[in-house]
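# Results of the structural survey
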Amino acid sequence: MAERTHETIESGTPDPMPYMHPVMKNNYGKWVYHSHPKPGVLYHRAANGDQVWTVKAGTQRQMDHYTIRKLADIADQFADGYVRFTTRSNIEYMVSDQAKVEPLIKALTDNGFPVGGTANSVSMIAHTQGWLHCDIPGTDASGAVKALMDDLYSEFVNCEMPNRVKLSTSCCEINCGGQADIAIVIQHTKPPKINHDLVANICERPSVVARCPVAAIRPALVNGKPSLEVDEKKCICCGACFPPCPPMQINDPEHSKFAIWVGGKNSNARSKPTFHKLVAAGIPNNPPRWPEVSEVVRKILNTYKADGRPWERVSDWIDRIGWPAFFEKTGLPFTKYHIDNWRGGRSTLNASTHIRF
Ligand code: SF4
Ligand code: SF4
């Protein structure tokens, strides 16, 4: 029997070492310093004198195989065939010969891939799957990101912000969105509408009841059929009941809106990680270019750019100037809905497996 040489790995990240540029592999853990020669380029020097330049380019995120082949051809021509993708779908080329750096940058920009996204620039926007891949989105996160990226192109290729700015979008409020300096999140504003004819056939009612964070869903008999009902006074319109029970339709072209949150940070570099806070809500979900979203993001970015001190992330800047000044300087309206200190959240949010009615 032939020896098995390959085991299928169903989960987990693959071992990166076989894909790593030889200079990086040989010097793993032996780097002595790094610098940032220009936007989109990082330089690392190893203890033995080896050098490597990393050139970062933005992609359009959802890529067809022609584009991926084009990126791979550029890697073969200028970067010894090695690339890596970042978590924000930038592509990075590693080059051990300085003479190849500028031709690589030219090849990328000539093919429409902007070089940038390093240091104090606006990095590529993280987005969730949207209409292309997911079954529950309230909007197309990738479309809103494309419109925004077009608008923020110059902030990606230049390093003019006080510090790094990370943006993210989420097309529902409950699953794969993340903390970011500026986060764009869909927000439902009306409770779900239930199609009682379908609930019994499609939904596992106990799991839908258990899913609600504020225990607003109850089993009910409607027109003689087993169904569900929602206590609309309790419902916080989170949309968590919709994935396990599509007949609880919550997406609505008019009442599903965009909200913008600021000051989130995942890393603990220089200051501790922070949760982002809501600063604008009720922004129309207006495809295909979502201009109202771009306008608010621009407003926040421009204010931060003008007012932030060097090295301040958005959260540090707001900590220094205070929330009243944030709203004054950005010109965003402040309403009573912005205040929530979650006092009492322990008893009102569903934090245990017990179901309370
Ligand atoms: S954020 Fe929600 S709707 Fe969007 S891809 Fe993730 S799970 Fe799907
Ligand atoms: S899961 Fe969310 S949207 Fe559904 S009923 Fe509960 S609070 Fe309302």
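Before any of the text, the structure's been laid out above.
Here is a short report on the structure shown in this document. Predicted, not measured: the structure shown is a model, and the values here were computed from it.

The tally for this structure, following the rule as stated, stands at 1 disulfide. A sulfur-sulfur separation of 2.1 Å characterises the disulfide bridge that pairs cysteine 203 with cysteine 245. The chirality of the disulfide connecting cysteine 203 with cysteine 245 is right-handed, given an S-S dihedral of about 70 degrees. Of this pair, cysteine 203 sits in the loop between helix H6 (196-202) and helix H7 (205-211) while cysteine 245 sits in the loop between strand E11 (225-230) and strand E12 (248-249); the two residues are 42 residues apart in sequence, bridging distant segments of the chain.

Here the focus is the sheet that holds strand E3 (residues 51-57). Strand pairing in a sheet relies on backbone hydrogen bonds. The paired strands run either parallel or antiparallel. Here 5 strands make up an open sheet; going across it, the order is E1-E2-E3-E5-E4 and the pairing antiparallel. Looking at which strands have only one partner, the edges of the open sheet turn out to be strand E1 (31-38) and strand E4 (83-85). The average angle at which neighbouring strand axes cross in this sheet is 25 degrees, direction not considered. Inspection of the sheet shows E1 paired to strand E2 (residues 41-46) by 5 bridges, in the antiparallel sense. Residue pairing across strands places tryptophan 31 opposite alanine 46, the latter belonging to E2. Helix-sheet contacts for helix H2 (residues 65-78) involve E4 and strand E5 (91-95), and the interaxial angle to E5 is about 10 degrees.

Taken in spatial order, the 5 strands make up an open sheet running E6-E7-E8-E13-E14, and their pairing is mixed. One side of each edge strand has no neighbouring strand; the edge strands of this open sheet are strand E6 (126-127) and strand E14 (277-283). In terms of strand pairing, strand E7 (residues 167-170) meets strand E8 (residues 182-188) through 4 bridges, oriented parallel. The residue of E8 that forms the bridge with threonine 169 is isoleucine 184. Docked against the sheet, helix H4 (residues 141-151) engages E6, E7, E8 and strand E13 (256-262), running at close to 150 degrees with respect to E7. Running over the sheet, helix H8 (residues 291-307) touches E7, E8, E13 and E14 and is turned about 10 degrees from E13.

It is a general feature of regular strands that their side chains alternate between the two faces of the sheet. In terms of burial, E5 is a largely internal element, 5 of the 5 residues being buried. As judged from the 5 bridges shared by E3 and E5, these two strands associate in the antiparallel manner. In the sheet register, valine 55 faces E5, and the bridge partner there is tyrosine 93. Relative to E5, E4 runs antiparallel, the two being bridged by 3 bridges. Note that in E5 the partner of phenylalanine 85 across the bridge is isoleucine 91. Remark: 5 residues form the turn of the hairpin made by E4 and E5, two consecutive strands paired antiparallel; serine 89 in that turn has positive phi of roughly 60 degrees.

What follows covers H8. Every α-helix carries 3.6 residues per turn, so stepping three or four residues along brings you back to the same face. Helix length check: H8 (17 residues) gives 24 Å between terminal C-alpha atoms against 24 Å at 1.5 Å per residue, within 8%. Here H8 has its buried residues at Val293, Ser294, Val296, Val297, Arg298, Ile300, Leu301, Thr303 and Tyr304.

The next point concerns unusual backbone geometry. Looking along the chain, the bond that leaves proline 287 and enters proline 288 is cis, with omega of 5 degrees. Relative to the helices and strands, proline 288 is located in the loop between E14 and H8. With a phi close to 50 degrees, alanine 215 is a non-glycine residue in the positive phi region. Assignment of secondary structure puts alanine 215 in the loop between H7 and strand E10 (217-222).

Quick notes on the rules
All residue numbers refer to position in the chain's written sequence, counted from 1. Chains and ligands are labelled sequentially in the order written, the chains with letters from A and the ligands with numbers from 1. Totals for whole chains, interfaces and linings use every residue, but because this is a predicted model, local features are given only for residues with pLDDT of at least 70 and side-chain atom pairs only at 80 or more, for both listing and counting. Hydrogen atoms and water are omitted, and side-chain values are computed over all heavy atoms in the structure. For the purposes of this analysis, a disulfide is any pair of cysteine sulfur atoms at a distance within 2.5 Å. Under the scheme used here, helices are H or I runs from DSSP no shorter than 4 residues and strands are E runs no shorter than 2 residues, and both carry numbers assigned from the N terminus. Only strands that DSSP links by at least two bridges are regarded as paired with each other. Inter-axis angles, ranging from 0 to 180 degrees, are taken between N-to-C directions of lines fitted to C-alpha atoms, where helices are fitted over the stretch in contact. A contact between two residues is defined here by any heavy atoms of the two lying within 4.5 Å. Relative accessibility thresholds used throughout: buried, under 20% of the residue-type maximum; exposed, over 50%; partly exposed, between the two (1.4 Å probe, protein chains only). Each residue after the first adds 1.5 Å to the expected span of a helix.

So, to be careful, I would describe these as geometric facts and stop short of saying anything about function.
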